[in-house]
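Structural features, examined
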Amino acid sequence: MIETVLAAHDGSTAADAVLPASALLARLFLAPVVVVRVLETMRPFYDPMRGEVVWLSPEESRLDVAAEEFLAEQLAVLEQLGLPARAVVRLGRAEEELVAEATRWPAPVLVVASHGRGGLGRAVLGSIADRVLRTAPCPVLVVRVGGAPLERLEHVLVPLDGSERAERALPYACALAERAQARMTLVRVAETYREVLLEWRGRPIAAAAQEMVRQLEQEALAYLEDVRTRVPGHLDVRIQMLSGEPKRELVAAVERERPDLVVLTTRGRGGMTRWLLGSVTERLVTATRVPLFVVPSETTDERPL
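For every chain, the first residue of the written sequence is number 1, and numbering continues from 1 along that sequence. Local features are withheld for residues below a pLDDT of 70 in this predicted model, meaning they are given only at 70 or higher, and side-chain atom pairs are given and counted only at 80 or more; totals for whole chains, interfaces and linings count all residues. Side-chain calculation: all heavy atoms of the structure are included, whereas hydrogens and water are not.

Structurally, Asp 161 can be placed in the loop between strand S8 (155-160) and helix H6 (164-167). We classify Asp 161 as buried; its relative accessible area is 4%. Side-chain atoms alone can form a polar contact between residues adjacent in sequence; in general such a contact is a pair of N or O atoms within 3.5 Å, and within protein one must be able to donate a hydrogen while the other accepts it. A polar atom in the side chain of Asp 161 sits 2.6 Å from the side chain of Ser 163. Strands here mean DSSP runs of E at least two residues long; helices mean DSSP runs of H or I at least four residues long; both are numbered from the N terminus. Think of it in three bands: residues with accessible area under 20% of the maximum for their type are buried, residues over 50% are exposed, and the middle band is partly exposed, with areas taken using a 1.4 Å probe on protein chains only.

What follows is the structure, given as structure tokens:
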């Protein structure tokens, strides 16, 4: 399922957060690591070959770069972890080149780093990671700068919304849990917004509305029970039905459960970017420090559970 680990690095210390996460995936799937650096035009960078700061201009966009020497520090870190790696340097727009590089490798996962809200570094999130998540043909693992390094995997949390699109994260979640011998928690939020409905201006809502809330919660729980029956029986799988507003409840669940990894799709129910940035994924990135393994919801490589 994962045959290549692409570690996106921009040369900054913050981007080093991708290295332990990339090493973990490489060990779990016995996959090679490729460290990818994109040099953008009209941005300065230090060229170790020349020993000076260099600018690339649109008129002179080509540069003879020895990738292994350019990324020597990152390769050394991975080698210390027992994982010899390759290096690739590309020229152009970061998000475009990262996606293009992903198409060159078999069954890749792209590992990027995010600062979350505010300082969205060149290592990734912000406009670059947003576009990478929207266009990448492969899963993208987003790790948080400043958070605990993703060096082990003991608990995987999978948010679901009842749609087939959201369930496309399940094969990856199962593979990760199986190889790491981790437990897995399936979560669905019954969109009852009960915190609003049950006490509107301090007054209990009508019995009919309360019955609607109970029905939505029962449907969410039945759905999770059904999904659990479709997950390989040797996995340690738990279910958790939540009730309320999805973003708030999922953030609270992540803070409470403290999983090592959240696995979800770029799109869930409704087609548009329901799970993507601007919704649940963005909220998890900005409000928690949990790494996110984001699976494209539209793929030609369908794998059953």
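What follows concerns the environment of Leu 110. Within the element layout of this structure, Leu 110 appears in strand S6 (residues 108-114). Residue Leu 110 is classed as buried on the basis of its relative accessible area of 0%. With 74 residues separating them along the chain, Leu 110 and Val 36 place their C-alpha atoms 9.6 Å apart. The contact criterion used is simple: two residues touch if any of their non-hydrogen atoms lie within 4.5 Å. Leaving out residues up to four positions away in the same chain, Leu 110 has contacts with Leu 6, Ala 8, Leu 98, Val 132, Cys 138, Pro 139, Val 140 and Leu 141.

One less than the number of residues in a helix, times 1.5 Å, gives the span that helix is expected to have. Between its terminal C-alpha atoms helix H10 (residues 246-257) stretches 16 Å, which fits the 16 Å expected from 12 residues at 1.5 Å a residue. Within the span of H10, buried status applies to Pro 246, Glu 249, Leu 250, Val 251, Ala 253 and Val 254. Buried positions along H10 lie against S8, strand S9 (183-190), strand S12 (237-243), strand S13 (261-265) and helix H11 (280-287). Following H10 by one or two positions, Arg 258 adopts a phi angle in the positive range, close to 50°.

Let us now look at the sheet that holds S9. One open sheet holds the 10 strands; their spatial order is S5-S2-S1-S6-S7-S14-S13-S8-S9-S12, and the pairing between them is mixed. Across the chains shown, the open sheet's two edge strands, defined by having one partner strand only, are strand S5 (85-91) and S12. On average, adjacent strands in this sheet sit at an angle of 25° to one another, irrespective of strand direction. Pairs of strands are assigned from DSSP output, requiring at least two bridges between the strands. Bridge count for strand S2 (residues 33-39) against S5 is seven bridges, and the pairing is parallel. Bridged to Val 38 within S5 is Arg 90. Under this scheme, a helix contributes an axis fitted over its contacting stretch, all axes are lines through C-alpha atoms, and angles between N-to-C directions fall in the 0 to 180 degree range.

This part is about the packing of helix H1 (residues 18-29) against helix H7 (residues 170-180). At a closest axis distance of 9 Å, the pairing of H1 and H7 adopts a crossing angle of 80°. The angle between H1 and H7 falls in the class roughly perpendicular. Residues Leu 25, Leu 28 and Phe 29 of H1 form the contact with H7, whose own contacting residues are Ala 175, Leu 176, Arg 179 and Ala 180. Of the residues in the contact of H1 with H7, the class split is six nonpolar, no polar and one charged. Angle categories: roughly parallel below 35 degrees, roughly antiparallel above 145, roughly perpendicular from 65 to 115, and oblique for all the rest. Residues are grouped as follows: Ala, Val, Leu, Ile, Met, Phe, Trp, Tyr, Cys and Pro are nonpolar; Asp, Glu, Lys and Arg are charged; all remaining types, including Gly, are polar.

Right, let's get into the nonpolar core. The definition of a nonpolar core used throughout is a set of buried Ala, Val, Leu, Ile, Met, Phe, Trp, Tyr and Cys residues joined through side-chain atoms within 4.5 Å. Within the largest apolar cluster, 57 residues are counted, with the highest numbers of intra-cluster contacts made by Met 184, Leu 186, Val 263 and Phe 293. Of all the elements, H1 adds the most residues to this core, at nine residues. In contact with Val 263, other than residues within four places in its own chain, are Val 156, Leu 157, Val 158, Pro 159, Ala 169, Ala 173, Leu 176, Phe 293 and Val 295. Listed in part, the 35 residues of the second largest apolar core include Leu 6, Leu 242, Val 254 and Val 285.

Our next topic: the packing of H10 against H11. Interhelical geometry of H10 versus H11 gives an angle of 40° and a closest axis separation of 10 Å. For the element pair H10 / H11, the angle class is oblique. At the point where H10 passes H11, the crossing takes the right-handed sense. Contacts between H10 and H11 involve Lys 247, Leu 250, Val 251, Val 254 and Glu 255 from the former and Val 280, Arg 283, Leu 284 and Ala 287 from the latter. We call a crossing left-handed when the near helix sits turned anticlockwise from the far one by less than a right angle, and right-handed when that turn is clockwise.

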